[in-house]
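Geometric and topological summary
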There are 2 protein chains.
Amino acid sequence: MDQRLTIIGLGVKDLVSSTKFYEEKFGWAKLPSSTESITFIQLNGILLSLYPEDKLAEDAEVSPEGIGFKKFTLAYNCRSKEDVDKTIANLRSKDVKIVKEPQEVFWGGYSSYIADPDDNLWEIAFNPFLEMDDTGNVT
Amino acid sequence: MDQRLTIIGLGVKDLVSSTKFYEEKFGWAKLPSSTESITFIQLNGILLSLYPEDKLAEDAEVSPEGIGFKKFTLAYNCRSKEDVDKTIANLRSKDVKIVKEPQEVFWGGYSSYIADPDDNLWEIAFNPFLEMDDTGNVT
């Protein structure tokens, strides 16, 4: 298997609200291939898809039951501490739930967390040890 | 916010076993920046990180309690149906749990699911409508 990933699929309660969240709070645009049943957002080399959680479970042939911490996080790395503060201030002004305020963390970075409408956790962080190119790809 | 993502962090029960899973079953190599506390694997432009689930919850300042379906999936897209069959046969020979056998699906693709040791679901699929470049980036 090549060392790569194609899609992160989030199972959501309400596709319309979740899609609006990523469009209005993050300012991201969905792909024209999105439909009333599924939303696709092009990220750097991968797609983020939003799909009703019961249908996602059905597709994978697993039980849809699940509660609490989902045991995964998604990270959006900023290019500076100031950029983390600015991003969080912007999200706060749009009533996004701030789960952890920006702060220095033990590994030498500066990190915060927000939640989307389905309590998917996005870390908004600056990591001085992580190199990214102009498109945001980790190098 | 740019339309990009930096890291997918999976909260795992046992870092050693989960790291071995990705090394031995997927054949992926961890980055030298990995430590006894965290594993990093470079994918196309993003990192996959493995981190103990209780520490991930602690980092995000959320409760570590959570059971059942995690309501997210990761997809590894193959370049043909045959490649899906071959990948699943290879994973099966390494005793990976096959959650859904490869099959034609309603949207016109060919799809299967496997589970990692923490029941993170990987869809192994062929999507004739999705374009990828040589590095596996969605274009």
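Parameters and conventions
Residues numbered from 1 in each chain as written. Chains lettered and ligands numbered in written order. Predicted model: local features only at pLDDT ≥ 70, side-chain atom pairs only at ≥ 80, totals over all residues. Heavy atoms only, no water. Contact = heavy atoms within 4.5 Å. Buried area = accessible area lost by both parts, 1.4 Å probe. Salt bridge = Lys/Arg side-chain N within 4 Å of Asp/Glu carboxyl O. Polar contact = N/O pair within 3.5 Å; in protein donor to acceptor, adjacent residues only side chain to side chain. Helix = DSSP H or I, 4+ residues; strand = E, 2+ residues; numbered from the N terminus. Nonpolar A, V, L, I, M, F, W, Y, C, P; charged D, E, K, R; others polar. Pairing = 2+ DSSP bridges. Buried < 20%, exposed > 50% of the residue type's maximum accessible area, 1.4 Å probe, protein only. Arc of directions from axis to C-beta. Domains from an automatic or database assignment. Axes fitted to C-alpha atoms, helices over the stretch in contact; angles between N-to-C directions.

A few points about the interface of chain A and chain B
Opposite the 63 residues of chain A that make contact, chain B presents 63 residues. Of all residues in chain A, the largest losses of buried area upon contact with chain B belong to M1, R4 and K71 of chain A, amounting jointly to 16% of the total for that side. Linking chain A with chain B are four salt bridges, by the criterion used here. Note that D59 of chain B and K100 of chain A form a salt bridge whose closest N and O atoms lie 3.6 Å from each other. Where chain A meets chain B, there are 37 residue pairs in polar contact (both at pLDDT 80 or more). Counting residues per element, the side of chain A that touches chain B draws most heavily on strand β5 (residues 72-77) of chain A, which supplies six residues. A class-by-class count of the residues in the side of chain A that touches chain B yields 35 nonpolar, 18 polar and ten charged. Here four bridges tie β5 of chain A to strand β1 (residues 7-12) of chain B, and the two strands are oriented antiparallel to one another. Of the residues in β1 of chain B, the one forming a bridge with L74 of chain A is I8 of chain B.

A short note on helix α1 (residues 15-25) of chain B
All names here are of chain B. Taken as a whole, α1 has its buried residues at L15, S18, T19, F21 and Y22. The arc enclosing the buried residues of α1, seen along the axis, measures out at 150°, which places them on a common side. Its side-chain oxygen 3.0 Å from the backbone nitrogen of V16, D14 forms the N-cap of α1. At the exit of α1 stands G27, carrying a positive phi of roughly 75°.

Concerning the side chain of K71 of chain B
Topologically, K71 of chain B is positioned in the loop between β4 (66-68) and β5 (72-77). Accessibility expressed as a relative area gives 10% for K71 of chain B, which makes it buried.

Description of the domain arrangement of chain A
Residues and elements named next belong to chain A. As far as domains go, chain A holds domain 1 (7-60) and domain 2 (74-126). Taken together, the contacts link 14 residues of domain 1 with twelve residues of domain 2. It is F21, K25 and F26 in domain 1 that bury the most area against domain 2; as a group they hold 45% of the surface buried on that side. In this assembly, domain 1 and domain 2 are joined by zero salt bridges. Inspection of the domain 1/domain 2 interface yields six residue pairs in polar contact (both at pLDDT 80 or more). Listed by contribution, the elements that provide at least two residues to the side of domain 1 that touches domain 2 are β1 (7-12) and α1 (15-25). For the side of domain 1 that touches domain 2, the per-class residue count stands at eight nonpolar, three polar and three charged.

Here's the deal with the sheet that holds strand β3 (residues 47-52) of chain A
A sheet is described by the order of its strands in space; here seven strands give the open sequence β2(A)-β3(A)-β1(A)-β5(B)-β8(B)-β7(B)-β6(B), paired in mixed fashion. Single-partner strands in this sheet number two, and they are β2 (39-42) of chain A together with β6 (97-104) of chain B. Mean inter-strand twist for the sheet, computed between neighbouring axes without regard to direction, equals 20°. Running at roughly 155° to β3 of chain A, α1 of chain A makes contact with β1, β2 and β3 of chain A of the sheet. Against the sheet, helix α2 (residues 53-60) of chain A makes contact with β1 and β3 of chain A together with β5, β6, β7 (110-115) and β8 (121-126) of chain B, and its axis sits at roughly 100° relative to β3 of chain A, the strand it touches most.

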